[in-house]
Amino acid sequence: MSNGSVTAAGNKAVQTNPQGPGNVVIAGAGIMGCATAYYLSKLGVAATVVEKGEVACASSGKAGGFLALDWSDGGPVGPLARLSYSLHKTLASELGQDTGYREVRTFSVAASAKPGGRKANTGKNGPQWLDGNVQKIKEMAEEGTTAQVHPQKLTAAFMGAAQAAGAKLVRGSIQGIAIDKKSNSVTGVNVDGETIPADKVIIAMGPWSGEAAKWVPSAPIISGQKAHSILVRPTEPVGPDCLFTQFQNSSGRHTDPEVYPRPDGTVYICGESDSVSLPDDPMSIQPRASAMKSLQEVGAAISSALSQGKVEAEQACYLPVSGDSTPVIGKLPGVEGCYMASGHSCWGILNGPATGKVMAELVANGKATSLDISAFDPARFSKTRRGIFC
Ligand SMILES: Cc1cc2nc3c(=O)[nH]c(=O)nc-3n(C[C@H](O)[C@H](O)[C@H](O)COP(=O)(O)OP(=O)(O)OC[C@H]3O[C@@H](n4cnc5c(N)ncnc54)[C@H](O)[C@@H]3O)c2cc1C
């Protein structure tokens, strides 16, 4: 364990609430871990966040950051998304940091790598920067219902604010959870061979959260789905419109890339999923070269400003996916003091703030009060496993 901020021996979390939950350790400094640490700090609990790589080194630093108010309505995630969307609106001023937040218009676009065919009319107020091989453009969201944020900046701002309130960041890899056999409760966390005392542990390791099943038998299976992205700096500024694209590439293959111009002048383009196994080291994830070419082809096809643009980043990361594609937020059955916040798939940046808020309430006060989180209860998976943990 390297002590970016603190050693294992000196690692007792400062707890400012005497009635509080004891030592709280959060496994993983992605958006789930950092948002939870931030909202815990607002409840007077200074947690210790243990991170194997860097803050936001995985998908929380490489995601698009697109936010939608009502696209999850009608399903279990709807209320979580609505709460989180409203939290995002005020976070930049609350955290006192530039998080890259802004409201955006969102369009569905049909385009192809091959020139020719009928060109779409962008209209007077449409995305005029789409001057390439674009066949259809349609606005797909009502005003005020879509927005964006810079995921890495937001995650780092959460962690910074939590640290300013007394939370600790420890660099190291969690390799196990110590459980007292008599009381069946958590007593500590094994970080690179050293034990950090803990009364409560929150597993927020994104696609690596599945490893927790080795430590706590009731932990649900979480797997990883690889996806790619690039950042392009256009030769001239483009509009702030987010695009969901049906794209036919130069080999005739149909893909669905997403294109998000950012306030810093870059344009984020993502897509190209792969079914390849999750590497142990989050910092070792490499993009597939052909995926990078495909994403560049998208930019070049839709806009002249992007066709000559400079590619500033080529990257890949893994979505955390649960067994029923619904987030896992709550207490793990069978062991006292163990929690999970994971499995948010492609909406983790949108739902990170609300997840952190309800998780903090649950851990600090024993109950989530901002939202009914029963739909996300980890025990739903235990029931299907012959009811052994119910
Ligand atoms: C290409 C792409 C685009 C996306 N775009 C959007 C979008 O536009 N909008 C949206 O809402 N969502 C988007 N998402 C989804 C979003 O990025 C994720 O749902 C979210 O970032 C998951 O956050 P997390 O904290 O659960 O996991 P992660 O960000 O993966 O963080 C987990 C952390 O745990 C650490 N860790 C792992 N194992 C250990 C260990 N043993 N000990 C200590 N630390 C450990 C890792 O190093 C990592 O930092 C996108 C995802 C992808 C892949």
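Labelled according to an unreviewed UniProt entry, the protein appears under the name FAD dependent oxidoreductase domain-containing protein, originating from Coccomyxa viridis.

Engineer: Would you mind going over unusual backbone geometry in detail, with residue names and values included?
Structural biologist: Even without glycine at this site, A56 takes up a positive phi of about 60°. Along the chain, A56 falls in the loop between β2 (48-51) and α2 (59-62). We classify A56 as buried; its relative accessible area is 8%. The phi torsion at E272 lies on the positive side, around 55°, for a residue other than glycine. Along the chain, E272 turns up in strand β17 (residues 267-274). For E272, a relative accessible area of 13% translates into the label buried.

Engineer: Describe the environment of S304, with residues and values.
Structural biologist: With respect to the secondary-structure elements, S304 resides in helix α6 (residues 304-307). Through-space distance from the C-alpha of S304 to that of G323 is 42 Å; in sequence the pair is 19 residues apart. Beyond its immediate chain neighbours, meaning those up to four positions away, S304 contacts D131 and T235.

Engineer: I'd like a rundown of the UniProt feature "domain: FAD dependent oxidoreductase" (unreviewed entry) in the protein, residues and numbers included.
Structural biologist: If you check UniProt for "domain: FAD dependent oxidoreductase" (unreviewed entry), the listed places come out as residues 24-362 in our numbering. Secondary structure over residues 24-362 splits into 24% helix and 32% strand, and the C-alpha atoms at its two ends are 12 Å apart.

Engineer: Lay out helix α1 (residues 31-42) with the relevant residues and their values.
Structural biologist: Helix length check: α1 (twelve residues) gives 16 Å between terminal C-alpha atoms against 16 Å at 1.5 Å per residue, within 8%. Three or more residues of α1 are buried, namely I31, M32, G33, C34, A35, T36, A37, Y38, Y39, L40 and S41. At the C-terminal side of α1, G44 shows a positive phi close to 85°.

Engineer: So, the packing of α1 against helix α7 (residues 348-365): which residues are in play, and what are the values?
Structural biologist: Contact geometry of α1 with α7 gives a least axis separation of 7 Å together with a crossing angle of 45°. Considered as vectors, α1 and α7 are oriented oblique to each other. You can see that α1 and α7 cross each other, and the crossing is right-handed. Facing α1, whose interface residues are I31, M32, A35, T36, Y39 and L40, α7 presents G348, I349, G352, P353, T355, G356, K357, M359, A360, V363 and A364. Across the contact of α1 with α7, the residue classes break down as eleven nonpolar, five polar and one charged.

Engineer: Which residues make up the pattern of salt bridges, and what are the values?
Structural biologist: On inspection of all chains with the given rule, the structure shows 14 salt bridges. Between E94 and K42 there is a salt bridge; the shortest N-O distance is 2.9 Å. One end of the pair, E94, is in helix α3 (residues 78-95); the other, K42, is in helix α1, with 52 residues separating them in the sequence. Here E94 falls in the partly exposed class, since its relative accessible area comes to 35%. A salt bridge links D280 to K52, with the shortest nitrogen-to-oxygen separation between them at 3.4 Å. Pair noted here: D280 is in the loop between β17 and α5 (289-302) and K52 is in the loop between β2 and α2, with a separation of 228 residues, a long-range link. For K52, a relative accessible area of 34% translates into the label partly exposed. Beyond isolated ion pairs, a larger network of salt bridges with shared partners links R253, E272, D274 and R288.

What counts, and where the lines are drawn
Residues numbered from 1 in each chain as written. Predicted model: local features only at pLDDT ≥ 70, side-chain atom pairs only at ≥ 80, totals over all residues. Heavy atoms only, no water. Helix = DSSP H or I, 4+ residues; strand = E, 2+ residues; numbered from the N terminus. Buried < 20%, exposed > 50% of the residue type's maximum accessible area, 1.4 Å probe, protein only. Contact = heavy atoms within 4.5 Å. UniProt positions renumbered as here; feature names shortened; annotations may be inferred. Expected span 1.5 Å × (residues − 1). Axes fitted to C-alpha atoms, helices over the stretch in contact; angles between N-to-C directions. Parallel < 35°, antiparallel > 145°, perpendicular 65-115°, else oblique. Left-handed = near helix turned anticlockwise from the far one by under 90°. Nonpolar A, V, L, I, M, F, W, Y, C, P; charged D, E, K, R; others polar. Salt bridge = Lys/Arg side-chain N within 4 Å of Asp/Glu carboxyl O.

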